[in-house]
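This is what each chain is made of:
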Amino acid sequence: MVLQGPQRYHACPFSSPVRDMLLFVDNLTNVDFSYLHPERGMLGETWLANTALDGALDAQGMVCDFGNVKKRLRHFLDTRIDHCLLVPAQSKHLELLENGDTIELVWRYGKQALRCRSPRQAIVLIDAPEITAASVAQWCVMQLKPQFEASIAELRISFDEEPINSAFYHYSHGLKKHGGNCQRIAHGHRSRIHIWRNGVSDPALEKDWATRWQDIYLGTQEDLVANENGLLKFAYRAQQGAFELDMPANHCYMLDTDTTVEWLATHIAHTLAAEAPGDTIRVQAFEGINKGAIVEACVKRQ
């Protein structure tokens, strides 16, 4: 059963007639990942995760040890969704080859295609025709069902987007020098951007930059191994293994640096400062929700 509300999707495919108490945690954690869209290609995304558990009270007056449940759910989301590429395994747009610990896929969208080859742990195959908050929530509950079915009557998971009333963009990238999961070549974020020109907020510049980076893959020059027939081919080896990604050039934006949020904020600030000599540009670039970097730049008039 899927319960839908504004910007929220609940999955709860197993239940019991006994419903004495419902425990909930909103904003349990947030997950940053990329996924494959049938029209837009690869999209970076950030969701807030929420959970609720339904069951009878025990002798302690509790449904369960909620502290342990929260840790278990956070661990699952951190290892199975966060910093991964989510792929709809039932989609007609997908060509998939699994070889041991390596997954290679081709994703066709519109008149374009992308290819990704990476260690299995970096790609999650969601048993659904497309990636939505509802389908991912349903998949998560089904994966977790064996762990909770004996102790609670019902587990619900839902995902929300961060409410954003200003400019934002979806970007994907990989950070091969990172010791953690950021090294995966295809993960991403849905991120706000704030820009001030000479101390005054400039929504037009924010909108312009969000348009530049709409549904974008941010690539590092040293990871680019070929540029052939409109495809940019990236490849590198990191601690988790070998990664390859072929992306349509019109969905890429190249930087001379790594694509950490610190370098992204620096790049935006200095690019805008060069376009408006004499103006002081201040950029607050987000990496997902409530984290990021702030950089200020000014280029003297000649």
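So, here's what we can say about the structure. As the structure is a computational prediction, the values presented were derived from the model and not from experiment.

## Observations concerning the nonpolar core
Logical step 1: Formed by 32 residues in total, the largest nonpolar core has its most connected members in Leu-77, Ile-81, Leu-86, Val-136, Cys-140 and Phe-159.
Logical step 2: Looking at this core element by element, the count peaks at 7 residues for helix H2 (residues 133–148).
Logical step 3: Listed in part, the 25 residues of the second largest apolar core include Ala-210, Ile-216, Val-261 and Ala-297.

## Describing the packing of helix H3 (residues 203–212) against helix H4 (residues 261–275)
Logical step 1: Relative to each other, H3 and H4 sit at 120°, their axes nearing to 13 Å. With respect to H4, the axis of H3 lies oblique. Relative to H4, H3 is oriented so that their crossing is right-handed. Every residue of H4 that contacts H3 at Leu-205, Trp-209 and Arg-212 is listed here: His-267, Ile-268, Thr-271, Leu-272 and Glu-275.
Logical step 2: In terms of residue class, the contact of H3 with H4 is built from 4 nonpolar, 2 polar and 2 charged.

## Quick look at unusual backbone geometry
Logical step 1: Here the phi dihedral of Asp-215 falls at roughly 50°; this positive angle occurs in a residue that is not glycine.
Logical step 2: Take Asp-215: it is sitting in the loop between H3 and strand E14 (216–220).
Logical step 3: We classify Asp-215 as buried; its relative accessible area is 10%.
Logical step 4: Even without glycine at this site, Asn-229 takes up a positive phi of about 50°.
Logical step 5: By relative accessible area, Asn-229 is classed as exposed at 83%.

## Section: the packing of aromatic side chains
Logical step 1: In the structure shown here, the tally under the stated rule is 10 aromatic pairs.
Logical step 2: Between Phe-33 and Trp-47, the ring centres sit 4.9 Å apart and the planes meet at 70°, which makes this aromatic pair edge-to-face. Of this pair, Phe-33 sits in strand E3 (residues 21–37) while Trp-47 sits in strand E4 (residues 41–55); the two residues are 14 residues apart in sequence, bridging distant segments of the chain.
Logical step 3: A residue is classified by how much of its surface remains accessible, and Phe-33, at 0% relative accessible area, is buried.
Logical step 4: With a relative accessible area of 5%, Trp-47 lands in the buried category.
Logical step 5: Ring centres 5.7 Å apart and planes at 70° place the aromatic pair Trp-209 and Trp-213 in the edge-to-face group.
Logical step 6: Three or more aromatic residues joined by ring pairs make a cluster, and in this case those are Tyr-169, Tyr-171, Trp-209, Trp-213 and Tyr-253.
Logical step 7: Here Arg-190 stacks its cationic end above the ring of Phe-168, 4.3 Å away from the centre of that ring.
Logical step 8: In this structure, Arg-192 is placed above the aromatic ring of Phe-286, and the distance from its NZ or CZ to the ring centre is 4.1 Å.

## Considering the sheet that holds strand E16 (residues 231–238)
Logical step 1: If you walk across this open sheet you meet the 6 strands as E6-E7-E8-E17-E16-E15, and the pairing is antiparallel. For this open sheet the edge positions go to strand E6 (94–99) and strand E15 (224–228), each flanked by a neighbour on one side alone. Within this sheet the neighbouring strands show an average axis-to-axis angle of 10°, counted without direction.
Logical step 2: Across 6 bridges, E6 lies against strand E7 (residues 102–109) in antiparallel orientation. Bridge pairing in E7 places Glu-98 opposite Ile-103.

## What to know about the side chain of Asp-215
Logical step 1: A polar contact of 2.8 Å, which involves the side chain of Asp-215, links it to the side chain of Arg-40.
Logical step 2: In this structure Asp-215 touches Arg-40, Met-42, Leu-43, His-170 and His-251, once residues within four positions along its chain are discounted.

## Quick notes on the pairing of E14
Logical step 1: Where burial is concerned, most of E14 is hidden: 5 out of the 5 residues are buried.
Logical step 2: In E14, alternate side chains face the same way, and those of Ile-216, Leu-218 and Thr-220 on one face and Tyr-217 and Gly-219 on the other are all buried.
Logical step 3: Alignment of strand E11 (residues 168–173) against E14, held across 2 bridges, turns out to be parallel. Within E14, the position partnered with Ser-172 by the bridge is Tyr-217.
Logical step 4: Here E14 runs beside strand E18 (residues 252–255); their pairing, made up of 4 bridges, is parallel. Counted as the bridge partner of Leu-218 is Tyr-253 from E18.

Rules of the game
Residues numbered from 1 in each chain as written. Predicted model: local features only at pLDDT ≥ 70, side-chain atom pairs only at ≥ 80, totals over all residues. Heavy atoms only, no water. Core = buried A, V, L, I, M, F, W, Y, C linked by side-chain atoms within 4.5 Å. Buried < 20%, exposed > 50% of the residue type's maximum accessible area, 1.4 Å probe, protein only. Helix = DSSP H or I, 4+ residues; strand = E, 2+ residues; numbered from the N terminus. Axes fitted to C-alpha atoms, helices over the stretch in contact; angles between N-to-C directions. Parallel < 35°, antiparallel > 145°, perpendicular 65-115°, else oblique. Left-handed = near helix turned anticlockwise from the far one by under 90°. Contact = heavy atoms within 4.5 Å. Nonpolar A, V, L, I, M, F, W, Y, C, P; charged D, E, K, R; others polar. Phe/Tyr/Trp six-rings, centres within 6.5 Å; stacked < 30°, edge-to-face > 60°. Lys NZ or Arg CZ within 6 Å of the ring centre and 35° of its normal. Pairing = 2+ DSSP bridges. Polar contact = N/O pair within 3.5 Å; in protein donor to acceptor, adjacent residues only side chain to side chain.

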